[in-house]
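The primary structure of each chain is shown beneath.
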Amino acid sequence: MKPVVLLAISAAVLVNCAANPEDIAAADIGTGMYRGQSCEQLAEQRLAYTQRLEALSAEQSSARTGDTVGVILLGLPLSSMSGNDRETDIAVTRGHLNEIDRERLARDCA
C-alpha cells in the first residue's frame, strides 16, 4: 500500500511541474498593437520575439528538467517553486508573434 500512496503523491506533484515549452499556448494580447508599423519594422519585431521565444523555451526546458529531478529526489518541483517557470512569458511572446503575423498578413508583407 505504501508504494501506491507514494506514487499518488508523486503524480500530484508532477502536475505542478513546469510545462513543456511546445505545449504552451499563445496568450491573447489584443489586436492593433502593431498597426501602423511598416513591413520592415514588423520583420524586426518578429525576429526579436522569435529570439526571445527560443531563449525562454530553453529556460523552460531546463526548469522542466529541474522539476522532474526535484520530484524524483525530494518530491518537490524545485525549479517551479524557485520562480524558474517561464510559462507566462512564453505565452505572451507567442501572443506577440501571432499578432505580428496577423498584421504582416493584412499588409501583405513578404
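As shown above, the structure is provided for reference.
The shown structure was predicted, so the numbers you read here are calculated from the model rather than taken from an experiment.

## Quick look at the state of the cysteines
With the rule as written, the count across this model stands at one disulfide. Each sulfur in the disulfide pair Cys39 and Cys109 lies 2.0 Å from the other. Note on the Cys39 and Cys109 pair: the S-S dihedral is about -80°, so by sign convention the disulfide is left-handed. Placement of Cys39 in helix 2 (residues 39-74) and of Cys109 in the segment after helix 4 (87-107) is noted, with a sequence separation of 70 residues between them. Taking the relative accessible area as the measure of exposure, Cys39 reaches 32% and is therefore partly exposed. A relative accessible area of 15% places Cys109 in the buried class.

## Quick notes on the nonpolar core
The biggest cluster of nonpolar side chains holds 12 residues, and these are Ala19, Ile24, Tyr34, Leu42, Tyr49, Leu53, Leu56, Ile90, Ala91, Leu97, Ile100 and Cys109. Looking at this core, the elements with two or more residues in it are helix 2 and helix 4. Once you skip the residues sitting within four places of it in the chain, Ile90 turns out to touch Pro21, Ile24, Leu53, Leu56, Ser57 and Gln60.

Cut-offs and rules
Residues numbered from 1 in each chain as written. Predicted model: local features only at pLDDT ≥ 70, side-chain atom pairs only at ≥ 80, totals over all residues. Heavy atoms only, no water. Disulfide = S-S within 2.5 Å. Helix = DSSP H or I, 4+ residues; strand = E, 2+ residues; numbered from the N terminus. Buried < 20%, exposed > 50% of the residue type's maximum accessible area, 1.4 Å probe, protein only. Core = buried A, V, L, I, M, F, W, Y, C linked by side-chain atoms within 4.5 Å. Contact = heavy atoms within 4.5 Å.

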